[in-house]
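# Fold and contact review
Below are the chains, spelled out letter by letter.
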Amino acid sequence: MLGWGVDRLRADMSRLLAILFHQGVLDEQFLQLQQLQDESSPNFVSECKTDGYCDCRLDREFSDYKKMGIHLNQFMGSSSSIGANRVRNVCVAFRAASEQNNRAGCLRALELLEHEYCYLKNKLHELFQMEQQRVLAAGARYPLQQH
Amino acid sequence: MGSNSVASNRWMFEKMDGFDLSPNSSSDNEEEEGVHVLAVDDSLADRKVIERLLKISSCKVTAVDSGWRALKLLGLLDDEEDKSSSSSSSSSSSSSAGFDVLKVDLIITDYCMPGMTGYELLKKIKESTTFREIPVVIMSSENVMARIDRCLEEGAEDFIVKPVKLSDVKRIRDCMASREVRSVQNQEERSRSNINKRKLQESFDLSLSSSPPSISSSSPLSYQSRSPSLTPSPPSLFSSSPPCSPSSLDSPTRRLKMTSFD
């Protein structure tokens, strides 16, 4: 029955969130924001994720450490605001390397950042899809209670 | 506190539970529906977050990405033109050069922004006769004491260290509500006899001497237990105009100008 799908989806989402929290990918800030989401803005958290990331990647040449530092600060700030804990931590390391004009360190940090960011993006996407399915399933289960 | 700001903000605390101290307030309610906050942040993520937190806290939100845009919305950009026009009141909307001047009750701004920093925006707002009464809250991802002090000295209402949480927004909102309540109560108190004031002052002093030395935590509690109609002319402990130096017990990252009721 479709109704059972809702509960299973909800359980899957909780499990995924718990894993991500346990891994340190997400922190309490994210959990709090997640609780504030509703049908009108089911995934505003992942909507704001891309801010600043592209800028960081453009600085790949590492020609201007100061500019890179600025972009990193922005990206670090937005990561922290949405609770993307591991991404933020990599930014911290990245910033430290750029402050020392450490090119090798920056390269390494950028690799790590891309990895963490992709992982996070995929997981948020998974969560979003689960949420969408859950809403649809809930609507099918109780058609009169359509949001 | 000038009567101007009281009139323009009177409607605000009426939305709070149990308070309705102003009998002829309905005339002020026509346009507004709750607290209107202007949020300024260059980061999209932060704008979305603060917007969400404010909406959950029943505030209307206008979010912009720069200090420049904020000033433009407030109608403060073309200073000379606005001063000469007749519509320089924070409680009314007016058109000036085709823009509607926004009516806001609170401005919350990021500190680090390209172009105009939050600090510079704060200064400009405090320099404006129209908007200097509007509380301004600064947000920053960096917990730098010098920065916090500078902002508070310039007249910032509060300073939040990012990431902004729901509890931060709630605290600000509560502070604003209680500040307006006190302000209106003070106004009404002045028109009454002084007898009540003196009585309250005596018992207030008594309760002070029996409570723990930390001022910021004990006095609001004894104050709150009184009926709302009796308001002491506030001793400097919790007057809302000069900044309260926080006790050394307060976390430096959450420094408040006003005492908060936790």
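Residues numbered from 1 in each chain as written. Chains lettered and ligands numbered in written order. Predicted model: local features only at pLDDT ≥ 70, side-chain atom pairs only at ≥ 80, totals over all residues. Heavy atoms only, no water.

## Brief notes about the UniProt feature "modified residue: 4-aspartylphosphate" (unreviewed entry) in chain B
Residues and elements named next belong to chain B. Under the present numbering, the feature "modified residue: 4-aspartylphosphate" (unreviewed entry) in UniProt falls on Asp 110. Looking at the secondary structure, you find Asp 110 in strand β5 (residues 106–110). Setting aside chain neighbours within four positions, we find Asp 110 in contact with Val 40, Asp 41, Asp 42, Gly 118, Met 139, Ser 140 and Lys 162. (UniProt positions renumbered as here; feature names shortened; annotations may be inferred. Helix = DSSP H or I, 4+ residues; strand = E, 2+ residues; numbered from the N terminus. Contact = heavy atoms within 4.5 Å.)

## Concerning the packing of aromatic side chains
All chains considered together, the criterion is met by one aromatic pair over all chains. Taken together, a centroid distance of 5.9 Å and an interplanar angle of 65 degrees make the contact between Phe75(A) and Tyr117(A) edge-to-face. In this pair, Phe75(A) sits in helix α5 (residues 65–82) while Tyr117(A) sits in helix α7 (residues 103–141), placing the two residues 42 residues apart along the sequence. Each member of the pair Phe75(A) and Tyr117(A) is classed as buried. Over the ring of Tyr119(B) we find Arg150(B); its NZ or CZ atom is 4.2 Å from the centre of that ring. (Phe/Tyr/Trp six-rings, centres within 6.5 Å; stacked < 30°, edge-to-face > 60°. Buried < 20%, exposed > 50% of the residue type's maximum accessible area, 1.4 Å probe, protein only. Lys NZ or Arg CZ within 6 Å of the ring centre and 35° of its normal.)

## Looking at the interface of chain B and chain A
Listed by partner, the interface residues are 16 residues for chain B and 18 residues for chain A. Here chain B meets chain A over a buried area of about 1400 Å², counting both sides, of which 57% is carbon and sulfur. Applying the counting rule to chain B against chain A returns one salt bridge. The partner of Arg95(A) in a salt bridge is Glu142(B), with the nearest N and O atoms 3.8 Å apart. One can count four residue pairs in polar contact (both at pLDDT 80 or more) joining chain B with chain A. The element best represented in the side of chain B that touches chain A is helix α2 (residues 44–56) of chain B, accounting for eight residues. Of the residues assigned to the side of chain B that touches chain A, the class counts are eight nonpolar, one polar and seven charged. (Buried area = accessible area lost by both parts, 1.4 Å probe. Salt bridge = Lys/Arg side-chain N within 4 Å of Asp/Glu carboxyl O. Polar contact = N/O pair within 3.5 Å; in protein donor to acceptor, adjacent residues only side chain to side chain. Nonpolar A, V, L, I, M, F, W, Y, C, P; charged D, E, K, R; others polar.)

## Remarks on the pairing of strand β7 (residues 158–161) of chain B
Residues and elements named next belong to chain B. The side-chain alternation of β7 yields two buried faces, one formed by Asp 158 and Ile 160 and the other by Phe 159 and Val 161. The pairing of strand β6 (residues 136–140) with β7 spans four bridges and is parallel. Bridge pairing in β7 links Ser 140 to Val 161. Since β6 and β7 lie parallel, the crossover through helix α6 (residues 145–153) that links them has a hand, and here it is right-handed. (Pairing = 2+ DSSP bridges. Right-handed = clockwise from strand over helix to strand, strands pointing away.)

## Remarks on the pairing of β6(B)
All names here are of chain B. When you tally the buried positions in β6, you get five out of five residues, the bulk of the element. Burial along β6 is two-sided: Val 136, Ile 138 and Ser 140 facing one way and Val 137 and Met 139 facing the other are all buried. One ladder, built from four bridges, connects β5 with β6; its direction is parallel. In the strand pairing of β6, Thr 109 is matched with Ile 138. Each parallel crossover has a hand, and for β5 linked through helix α5 (residues 118–127) to β6 it is right-handed.

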